[in-house]
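# Examining the three-dimensional arrangement
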Amino acid sequence: MTNKALKTGGMREWLLADTPESAFQAWTGRACLGLLAFMKNRLAVLGLLIIVALIGIAVFAPVIAPYDPVETQISNRLAPLSSTHYLGTDEMGRDIFSRIIWGSRLTLYVIGLVAIIAAPVGLLVGTVAGYFGGIVDTVLMRITDILLAFPKLILALAFVSALGPGIENAIIAISITSWPPYARISRAETLTIRHSDFIKAIRLQGAGGLRIITGHIMPLCLSSLIVRVSLDMAGIILTAAGLGFLGLGAQPPCPEWGAMTAGGRAYIVDYWWLITMPGTAIFIVSLAFNLLGDGLREVLDPRSDN
């Protein structure tokens with residue numbers, strides 16, 4: 001049936017069929033419609049291209065970077081922009097362009113680990129609280145409210161101060177402060193579907209609470225969670241840069257963008273490129289994730305007109 005449909009109606013008709021013949025055809029059709037809607041948002045496409053470029057730069061950093069990012073050359077310190085050093089050198093004579101290139105790896109490392117840690121925790125807490133309700137909901141949501149009551153950066157500062165400076169401890173601190181919004185979103189989604197007819201039917205078939213949560217409720221919460229995570233990437237980058245700027249994140253001579261801006265603040269008047277270049281990198285990547293998040297929200301939000 002599928003091959004015949006492809007031969008007579010073409011690929012487009014197969015993808016956009018009103019009555020798909022299989023789950024794979026239905027999923028592929030939805031993905032195609034989502035991709036077409038996403039491509040209409042030029043700013044979202046621009047954000048995606050910037051992020052893809054960032055990933056490519058991080059992967060090929062040893063090839064792209066012309067110098068060692070941590071090698072000091074005091075004789076060449078504070079050199080301006082030139083054909084030898086595209087973005088100048090810092091107070092230790094290290095090539096800023098090479099340090100920004102290698103710093104992209106740290107940026108992806110931070111946001112990737114935070115997303116892997118915080119998103120599943122928030123999803124689990126929110127779905128469990130929303131499904132079981134009662135005392136379970138009250139306890140979990142009060143813990144969530146306590147964490148949400150503090151500004152994220154201030155709370156991350158408190159945790160990383162207790163754990164000690166370092167990029168790993170900064171990731172743990174940012175993850176602890178990042179999961180509560182995901183829990184709130186997951187709980188709200190769960191509350192809207194836990195009394196649905198299909199959930200009642202699954203429960204009547206003998207499925208337990210854990211199976212219903214993991215197999216049926218969590219997948220329905222993923223679209224909203226993906227949108228929120230993509231929008232939060234910019235905040236994660238800024239929080240990590242803020243911790244690095246304050247000396248609580250990545251430690252010198254690690255080429256982390258926040259730490260680079262901290263090192264250049266004493267020379268900002270006469271040697272503007274020390275703080276401008278890593279600051280521009282933070283701005284561009286943060287903007288790219290915001291643009292991508294807006295595009296994903298238009299595609300994945302069930303309340304969207306698209």
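Definitions and limits used
- Residues numbered from 1 in each chain as written.
- Predicted model: local features only at pLDDT ≥ 70, side-chain atom pairs only at ≥ 80, totals over all residues.
- Heavy atoms only, no water.
- Helix = DSSP H or I, 4+ residues; strand = E, 2+ residues; numbered from the N terminus.
- Buried < 20%, exposed > 50% of the residue type's maximum accessible area, 1.4 Å probe, protein only.
- Contact = heavy atoms within 4.5 Å.
- Areas by Shrake-Rupley, 256 points an atom, 1.4 Å probe, with all protein chains shown as cover.
- Lys, Arg positive; Asp, Glu negative; His and termini not counted.
- Charge placed at Lys NZ, Arg CZ, Asp CG, Glu CD.
- Polar contact = N/O pair within 3.5 Å; in protein donor to acceptor, adjacent residues only side chain to side chain.
- 1 Å grid on protein atoms, 1.4 Å probe; cavity = no way out; pocket = protein on both sides within 12 Å on 5 of 7 lines; lining within 4 Å.
- Points joined across faces, edges and corners; volume = space filled by probe spheres on them.
- Nonpolar A, V, L, I, M, F, W, Y, C, P; charged D, E, K, R; others polar.
- Patch = residues over 30% accessible without salt bridge, like charges linked within 9 Å, V, L, I, M, F, W, Y side chains within 5 Å.
- Salt bridge = Lys/Arg side-chain N within 4 Å of Asp/Glu carboxyl O.
- Phe/Tyr/Trp six-rings, centres within 6.5 Å; stacked < 30°, edge-to-face > 60°.
- Lys NZ or Arg CZ within 6 Å of the ring centre and 35° of its normal.
- Core = buried A, V, L, I, M, F, W, Y, C linked by side-chain atoms within 4.5 Å.

To continue, consider the overall build of the protein chain. Of regular secondary structure, the protein chain possesses twelve helices and zero strands. When the helices and strands of the protein chain are listed from N to C terminus, the series reads α-α-α-α-α-α-α-α-α-α-α-α. Taking the principal axes of the C-alpha coordinates as reference, the protein chain spans close to 75 × 55 × 30 Å. The buried share of the protein chain, taken over its 306 residues, is 44%. Counting contacts in the protein chain only where the partners sit at least 6 residues apart, residues at least 24 apart contribute 69% of the total. For the protein chain, the accessible area works out to roughly 16,000 Å², and carbon and sulfur atoms hold 67% of it. Charged side chains of the protein chain number 22 positive and 20 negative; the gap between the two group centres comes to 8 Å.

By secondary structure assignment, the location of serine 98 is in helix H5 (residues 96-132). Looking at serine 98, the relative accessible area reads 0%, which means it is buried. Looking at serine 98, its side chain comes within polar contact range of the main-chain nitrogen of tyrosine 67, at 3.1 Å. Not counting residues within four places of it along the chain, the set of residues in contact with serine 98 comprises Ala65, Pro66, Tyr67 and Pro69.

The residue proline 255 is located in the loop between helix H10 (209-245) and helix H11 (257-264) in this model. By relative accessible area, which is 10% here, proline 255 ends up buried. As for proline 255 and isoleucine 101, which are separated by 154 residues in sequence, their C-alpha atoms are 8.7 Å apart. Sequence-distant contacts of proline 255, that is, excluding residues within four places in its chain, are made with Pro69, Arg99, Trp102, Gly103, Leu106 and Met260.

With that out of the way, let us pick up empty space enclosed by the protein. Applying the stated rule across the entire model yields one cavity of 30 Å³ or more. There is about 90 Å³ of room inside the largest cavity. Lining the largest cavity are Leu106, Thr107, Val110, Ile111, Ile167, Ile236, Ile237, Ala240, Ala241, Glu256, Trp257 and Ile282. If you list the elements that add at least two residues to the lining of the largest cavity, you get H5 and H10. Counted by class, the lining of the largest cavity contains ten nonpolar, one polar and one charged residues.

Residues Ile55, Val59, Phe60, Val63 and Ile64 make up a contiguous nonpolar surface patch of roughly 480 Å² in combined accessible area. Of all the secondary-structure elements, those providing two or more residues to the nonpolar patch are helix H3 (42-59) and helix H4 (61-64). Position of phenylalanine 60 relative to the elements: it lies in the loop between H3 and H4.

The next thing to look at is the packing of aromatic side chains. What characterises a pair of aromatic rings is the spacing of the ring centres plus the angle enclosed by the ring planes. Within this structure, the stated rule accounts for five aromatic pairs. Centroid distance tyrosine 86 to phenylalanine 97: 5.4 Å. Interplanar angle 85°. Geometry classified as edge-to-face. Residue tyrosine 86 is located in the loop between H4 and H5, and its partner phenylalanine 97 is located in helix H5; the two are separated by eleven residues in the primary sequence. Cluster of aromatic residues (ring-pair linked, three or more members): Tyr267, Tyr271, Trp272 and Trp273. One cation-aromatic arrangement involves arginine 265 over phenylalanine 245; the distance from NZ or CZ to the ring centre is 4.9 Å.

In this section: the nonpolar core. Of all hydrophobic cores here, the largest spans 63 residues; its most connected members are Ile96, Ile100, Val110, Ile217 and Trp257. With 13 residues, H10 is the largest single contributor of residues to this core. The residues contacting isoleucine 217, other than those within four sequence positions of it, are Thr127, Tyr131, Thr190, Ile193, Ile199 and Ile212.

Now for the pattern of salt bridges. Inspection of the entire model under this criterion finds eight salt bridges. We note a salt bridge from glutamate 91 to arginine 94, for which the minimum N-O separation is 4.0 Å. You can call arginine 94 buried: its relative accessible area is 9%. A salt bridge links arginine 228 to aspartate 232; the shortest N-O distance between them is 3.1 Å. Here arginine 228 pairs with aspartate 232, and both are found in helix H10, just four residues apart, close to one helical turn. Among the charged side chains, a salt-bridge network with shared partners connects Asp90, Glu91, Arg94 and Arg99.

Right, let's talk about the environment of threonine 144 for a bit. In this structure, threonine 144 sits in helix H6 (residues 134-148). Distance in space between the C-alpha atoms of threonine 144 and methionine 233 is 20 Å, their sequence separation being 89 residues. Sequence-distant contacts of threonine 144, defined by excluding residues within four places in its chain, comprise Val125, Trp179, Pro180, Ala183 and Arg184.

This next bit is on H11. H11 sits mainly inside the fold: seven of its eight residues count as buried. Among the residues making up H11, those that are buried are Trp257, Gly258, Ala259, Met260, Thr261, Ala262 and Gly264. Looking at the packing, one finds that the buried side of H11 touches H3, H5, H10 and helix H12 (273-300). With a side-chain oxygen lying 3.0 Å from the backbone nitrogen of glycine 258, the N-terminal cap of H11 falls on glutamate 256.

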